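Close look at the chain arrangement
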Amino acid sequence: MIPTFAVVGHPNKGKSSIVATLAQDDSVRISAVPGTTVACREFPMRVDGEVLYKLIDTPGFQRARSVLAWMRERESTAAERPQIVREFVDAHRNGDQYADECELLSPLLDGAGILYVIDGSRPFGSEYQAEMEILRWTGQPSMALINMIGAADYTEQWSRALGQYFRIVRRFNAFTARFEKQLELLRAFGELNEDWREALLRAIASLERERHHRRQLSAREITDMIIDVLTSSITKKIAVDTAPEDHRSRIEARYRDSLQKRERRCRDVVERCYDYHGLVRQEAELDVMGGGLFSQQTWLMFGLSKTQLLVTGAAGGGAIGSGLDMALGGASLMLGAGIGALVGGAAAWYSQQHLSDARILGLPLGGTELRVGPMSNRNFPYVLLGRALFHHRVVAARTHAHREQLDVSDAAVASAAGALPAPMRKQFEQRFAALRRGGQDIAGRRWRSEFATLVEAAIVHSSAQTSLADASAS
Ligand SMILES: Nc1nc2c(ncn2[C@@H]2O[C@H](COP(=O)(O)OP(=O)(O)O)[C@@H](O)[C@H]2O)c(=O)[nH]1
Ligand SMILES: [Mg+2]
């Protein structure tokens, strides 16, 4: 039998949100209006077409106290309790009075496990006691989840009450629960219910494999995007009687649009890898023409200081070791134009204020051609990479319970990723330099796949940084 979990509780406590998160399904209806869910709905969690487990979204308890009173009148021994629950549902199935209770108890009678959801930001009250008691009467394996909707914290109170009814009580926030936390929940349930243990362990393994695969696919797409953007250019033949300058701004605009479009496509692909469809995204457009590329915000975006960027650029030339960014403070670097080895880097930095390299070329048969791109600026690839890593990090950490737009415009958050370690930056610099040079070595599949492996390592590094930040915040 496929493990099946009914997510039950009071109205408006985040049941549907938890279903969305655990089923990784953003089509689950979530609403601030209580009573939105009136019928049970099943959401299978599939990987490669195989159903690993099912989540059932249920309506909330409405009249738990009187349901319990009905049941108590008929009870004589504990062994009869599950049967009395069944009798209750049979007796009221067709009436209106207990429609929600009948609906939510039905899957439990069919063998579903119980995930009982409460909101730990609201105080405990006796009305919940009747709900927990009814659930216990079903005799099904169960676990309590403390969701936190508001800021107040009543978890201690709740834990004392829940602990008397549930063997396992877990904090589980539908909006912020990380992937590992979701796996842990499945593992814990496997411990609880021997019959599902094996199936749930297999489910965990599948989910981990899928997660890895998603990261790999994203890394490949980001790599392709970087290569496309860094090697693309636009050319236009110019009639003899017009000045190239007349065309320049139009061609630059076309160039900019095409790079931005390519970057957006990469974002869409990454989001689809994680099963988000039609997310509304808030992101500053890629700055191709220079303006903001040198701004504070952009450095923050990658977590690189001006000094680090400069040294990264210089180190790519092979002249300077990567230890320099530690040895020198930013101030001394910017002022100390006399530091010989750095001049190359500094020159690269300052002389490329104009990012789009527009060139006017003579054509063999007469006339001229205007070419914009490819981008030769040394810092641009880092901006491209940093933006992609940040977007991936936000998407991978999101849960399917979120309904608001995806906001990747916050550079301050982005900087929390921290810089990539120096050896990794150096490897990136070698590849970026190869892309600037063009030629044979970047054409091969092997080169591309090694590049993607490096991007994947950067993704892993940047998400490890998020986990650390989360751990210190909670
Ligand atoms: N901030 C926050 N809001 C949540 C969380 N879980 C649910 N909500 C909100 O609480 C409301 C009710 O959520 P829903 O999942 O529909 O609750 P249900 O009635 O128990 O199914 C919605 O407005 C959700 O956006 C959470 O973990 N954090
Ligand atoms: Mg609901």
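The rules behind each value
- Residues numbered from 1 in each chain as written.
- Chains lettered and ligands numbered in written order.
- Predicted model: local features only at pLDDT ≥ 70, side-chain atom pairs only at ≥ 80, totals over all residues.
- Helix = DSSP H or I, 4+ residues; strand = E, 2+ residues; numbered from the N terminus.
- Buried ≥ 20, exposed ≤ 12 C-beta atoms within 10 Å, placed from the backbone.
- Contact = placed C-beta atoms within 7 Å.
- Pairing = 2+ DSSP bridges.
- Right-handed = clockwise from strand over helix to strand, strands pointing away.
- Near = placed C-beta within 6 Å.
- Nonpolar A, V, L, I, M, F, W, Y, C, P; charged D, E, K, R; others polar.
- Axes fitted to C-alpha atoms, helices over the stretch in contact; angles between N-to-C directions.
- pLDDT = per-residue confidence, 0-100.

1. Quick notes on the overall build of the protein
Regarding its fold elements, the protein presents 18 helices and 11 strands. The proportion of buried residues among the 474 residues of the protein is 37%. Long-range pairs, those at least 24 residues apart, make up 74% of the contacts in the protein with a sequence separation of at least 6.

2. Here we look at the pairing of strand β4 (residues 113-119)
The element β4 is extensively covered by neighbouring structure, given that 6 of its 7 residues are classed as buried. Where strand β1 (residues 4-9) meets β4, 5 bridges bridge the pair, whose relative direction is parallel. Residue pairing in the sheet places Ala6 in a bridge with Ile114 of β4. Traced from β4 through helix α5 (residues 126-138) to strand β5 (residues 142-147), the parallel crossover comes out right-handed.

3. Some remarks on the site of ligand 1
Residues in contact with ligand 1 amount to 19 residues; listed here are only the nearest, Gly14, Lys15, Ser16, Ser17 and Ala32. For the shell around ligand 1, the element with the highest residue contribution is helix α1 (residues 15-23), accounting for 3 residues. Tallied by class, residues from the shell around ligand 1 come to 7 nonpolar, 10 polar and 2 charged.

4. Thoughts on unusual backbone geometry
Between Gly373 and the following residue, Pro374, the backbone shows a cis peptide bond with an omega angle of -5°. If you trace the backbone, Pro374 turns up in the loop between β10 (368-372) and α15 (380-397). For Gln24, which is not glycine, the phi dihedral falls at a positive 50°. For Gln24, a count of 21 C-beta atoms within 10 Å puts it in the buried group. If you check the backbone angles, Asp275 has positive phi at about 65° while not being a glycine.

5. Concerning the sheet that holds strand β6 (residues 169-171)
Where strands meet in a sheet, backbone hydrogen bonds hold them as pairs that are either parallel or antiparallel. The 6 strands lie next to each other as β2-β3-β1-β4-β5-β6, forming an open sheet whose pairing is mixed. For this open sheet the edge positions go to β2 (41-47) and β6, each flanked by a neighbour on one side alone. The mean inter-strand angle of the sheet, taken between neighbouring strand axes irrespective of direction, is 25°. Here 6 bridges tie β4 to β5, and the two strands are oriented parallel to one another. Bridging across to β5, Ile114 finds its partner in Ser142. The sheet strands contacting α1 are β1, β2, β3 (50-57), β4 and β5, and the helix crosses β3 at an angle near 175°. Those strands touched by helix α8 (residues 194-231) are β2 and β3, and its axis lies near 105° from that of β3.

6. A closer look at the confidence of the model for the protein
Scored by pLDDT, the protein has a mean of 82; 79% of the residues are at 70 or more. Here residues 291-305 scores under 50 on pLDDT; set against residues more than four positions off or in separate chains, the count is 36 contacts. Contacts from residues 412-418, a stretch scored under 50 in pLDDT, to residues over four places away or in other chains number 16 contacts.

7. Regarding α5
Of the residues making up α5, those classed as buried are Tyr128, Glu131, Met132, Ile134, Leu135, Trp137 and Thr138. Tucked inside the fold, the buried residues of α5 contact β1, α2 (64-74), α3 (81-92), α4 (99-109), β4 and β5. Within two residues after α5, Gly139 carries a phi angle of roughly 75°, on the positive side.

8. A closer look at α1
Here α1 lies mainly inside the structure; 9 of its 9 residues are buried. What α1 keeps buried is the set Lys15, Ser16, Ser17, Ile18, Val19, Ala20, Thr21, Leu22 and Ala23. Contacts made by the buried residues of α1 are with β1, β2, β3, β4, β5 and α7 (179-192). Following α1 by one or two positions, Gln24 has its phi on the positive side, about 50°.

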